[in-house]
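Here is how the chains run, residue by residue.
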Amino acid sequence: MKIQDILSETRTISFEFFPPREASGIPAVLGKIESLKSYSPNFISVTYGAGGSTRQFTEELTIKSKTDYDMEVMAHLTCVGHTVKELDEVLERLEFSSIENVIALRGDPPHDQAKFLAAEGGFKHASDLIRHISEHYSFGIGAACYPEGHPEAVSLDYDLRYAKLKVDNGAKFLVTQLFYDNDDFFHFVDRARDIGIEVPIIPGVLPVLSSKQIRRFTRLCGASIPADLEAHLVKYENDDESARAMGVEYATYQVQALWDAGVSGIHFYVLNRSYSVSNILDNLQLDRHTS
Ligand SMILES: Cc1cc2nc3c(=O)[nH]c(=O)nc-3n(C[C@H](O)[C@H](O)[C@H](O)COP(=O)(O)OP(=O)(O)OC[C@H]3O[C@@H](n4cnc5c(N)ncnc54)[C@H](O)[C@@H]3O)c2cc1C
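Residues numbered from 1 in each chain as written. Predicted model: local features only at pLDDT ≥ 70, side-chain atom pairs only at ≥ 80, totals over all residues. Heavy atoms only, no water.

**Details of the overall build of the chain**
Inference 1: Secondary structure summary: the chain contains 11 helices and 8 strands in total.
Inference 2: Taking 291 residues into account, the globule formula puts the C-alpha radius of gyration at 19 Å, and the chain, at 18 Å, falls close to it.
Inference 3: For the chain, the C-alpha atoms occupy an extent of roughly 50 × 45 × 45 Å along the three principal directions.
Inference 4: Counting all 291 residues of the chain, 55% fall into the buried class.
Inference 5: Carbon and sulfur atoms make up 49% of the accessible area of the chain, which amounts to about 13,500 Å² in all.
Inference 6: For the chain, the distance from the average position of its 28 positive side-chain charges to the average position of its 42 negative side-chain charges is 3 Å. (Helix = DSSP H or I, 4+ residues; strand = E, 2+ residues; numbered from the N terminus. Rg over C-alpha atoms; globule rule 2.2 N^0.38 Å. Buried < 20%, exposed > 50% of the residue type's maximum accessible area, 1.4 Å probe, protein only. Areas by Shrake-Rupley, 256 points an atom, 1.4 Å probe, with all protein chains shown as cover. Lys, Arg positive; Asp, Glu negative; His and termini not counted. Charge placed at Lys NZ, Arg CZ, Asp CG, Glu CD.)

Here it is in structure tokens:
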């Protein structure tokens, strides 16, 4: 089922995983995916690496989740290092395996590159990939958006205009980058609605797993750390277990407030650490009926 059709019926819970480095890690990731199945996610997704064999594992995990575990899935696909022909090959394999949803991204540059460079014969922006998919395939298409702006964005307004371009080119829903201050999300949604973005905007939530990890992630993606969270991170700088417990509590309040405000869904960045997300969902009793 296409995610836009699911979103028209219900409020969604979704989980994002990442592929292992080696093929031998696939069963462990499948185990994590299976362990969260009892929370009845409306869909799950698996990220697409910057290059190399993990991309093959992304496809394998995406397809297995659908065929073996009967879960709805959203395949991640990026423009990094791909010609249009190669992107078509991936899309055709996904289509052949009855995958119905794709989140179409530009992608981050590989670690050895300072900035994103389009492959020769490839796409420069996610909006180009989205237009290509919507013109040639029947996937339900999602796209990324950034409540606090993408780190390379020339301005918040331009970044938002490009989010609108993704929707105009065929994206039927948006999923946000992680954020820790819900007001950033609410202001973003208001600004998006003001410029005519009408599709569902699903907030992405990453529970804190350790102080070090969250500082690294927020630095990379340009998200800010609110003062109350910063105080907790300082307190648990060298105590990952307490940081994780605090992260569960923080995310429980964050998700509850988002849910109470009527968001279309919650997309959890699981990072293959299913226990934090299951703790959060155990704390919450979310009614998924459309409000
Ligand atoms: C929900 C979600 C899932 C993700 N999954 C993955 C994944 O699986 N693999 C991965 O590698 N990364 C993933 N990312 C990270 C993402 O690839 C990076 O944030 C990347 O740097 C930008 O991708 P994008 O699709 O937003 O690109 P774009 O929309 O192309 O935007 C990139 C930058 O270019 C600017 N821009 C956009 N369009 C134009 C234009 N037409 N002209 C000029 N400037 C423009 C934007 O303002 C922005 O600064 C994900 C991010 C999110 C939020």
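What follows picks up the thread again.
**A closer look at the site of the ligand**
Inference 1: Around the ligand sit 24 residues in total, of which Tyr 48, Asp 108, Tyr 146, Asp 159 and Lys 166 are the nearest.
Inference 2: Asp 108 places a polar side-chain atom, nitrogen or oxygen, 2.7 Å from an oxygen atom of the ligand.
Inference 3: Starting from 990 Å² of accessible surface for the ligand in isolation, the protein chains cover 87%.
Inference 4: Put simply, the parts of the chain that give the shell around the ligand at least two residues each are strand S3 (73–78), strand S4 (101–105), helix H6 (156–168) and strand S6 (173–178). (Near = heavy atom within 4 Å. Polar contact = N/O pair within 3.5 Å; in protein donor to acceptor, adjacent residues only side chain to side chain.)

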